[in-house]
Amino acid sequence: MSVFSFNLRFLAIPLFMVLLALTGCQTAPQKGLSPAQVAVLQQQGFELTDEGWAFGLSGKVLFGSDVESLNSQSTEIVERIGKALLGVGIDRVRVDGHTDASGKETYNEQLSLRRANSVGKVLTAVGMKEQNIQLKGFGSSEPVASNDNAAGRTENRRVSIVVSAD
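Since the structure is predicted, the reported quantities are computational estimates derived from the model, not experimental observations.

Peer 1: Tell me about the sheet that holds strand β2 (residues 52-55), and name the residues and values.
Peer 2: Pairing is mixed in the open sheet, where 5 strands are placed in the order β1-β2-β5-β3-β4. Pairing within the sheet leaves two strands with one partner each, and these edge strands are β1 (47-49) and β4 (133-137). In this sheet, adjacent strand axes meet at a mean angle of 30 degrees when their direction is disregarded. The sheet contact formed by β1 and β2 spans 3 bridges and is antiparallel. Along β2, the bridge assignment pairs T49 with G52. Along the sheet, helix α4 (residues 105-125) makes contact with β3 (93-97), β4 and β5 (159-163), crossing β4 at roughly 160 degrees.

Peer 1: For the pairing of β5, give the residues involved together with the corresponding values.
Peer 2: The buried fraction of β5 amounts to 5 of the 5 residues, a majority that puts the element mostly inside the structure. Alternating residues of β5 divide into V159, I161 and V163 and S160 and V162, and every residue in both groups is buried. Sheet topology note: the β2/β5 ladder contains 3 bridges and is antiparallel. Bridged to F55 within β5 is I161.

Peer 1: Can you break down the environment of V122 residue by residue, with the values?
Peer 2: Looking at where V122 falls in the secondary structure, it is placed in helix α4. Looking at V122, the relative accessible area reads 11%, which means it is buried. For V122 and E79, which are 43 residues apart along the polypeptide, the C-alpha to C-alpha distance reads 6.3 Å. Setting aside residues no more than four positions away along its own chain, V122 makes contact with L70, T75, V78 and E79.

Calculation rules
Residues numbered from 1 in each chain as written. Predicted model: local features only at pLDDT ≥ 70, side-chain atom pairs only at ≥ 80, totals over all residues. Heavy atoms only, no water. Pairing = 2+ DSSP bridges. Helix = DSSP H or I, 4+ residues; strand = E, 2+ residues; numbered from the N terminus. Axes fitted to C-alpha atoms, helices over the stretch in contact; angles between N-to-C directions. Contact = heavy atoms within 4.5 Å. Buried < 20%, exposed > 50% of the residue type's maximum accessible area, 1.4 Å probe, protein only.

Geometric descriptors of this kind do not, in isolation, establish any biological role.
Given below as structure tokens:
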């Protein structure tokens, strides 16, 4: 065995270790949500849907007829959710506003967007960046209850917060 081949073998092992370590640095970042993030979403009342993790706010944050602002109890709920999401590194959400079927649809679409905006403002106030909050107004196009009675219309006047699983 020559001195040259011994030195080459001696250098090959550390070189291989360095290359292995560098390839570990090249690993793509994890897609989706971490187990800790999923746990917080579940703890806060989010449920997995086809569009991601959704907090329906139905039964928790509802709006009066033709009302777009949050009452103090609803504001506290949204603040708690916003802080919990930010606490586990979730800083992007979509806020979907909805109305009942009373009134004209063009007005309802605008009202539903103003409702989403009122929730977005609370999320911004707790530290979420405005550009990371997507607002959508669906008007009365996605009811969760019948619009034929007062109880159903009340359920339909709501906002949902959605966290993408990607």
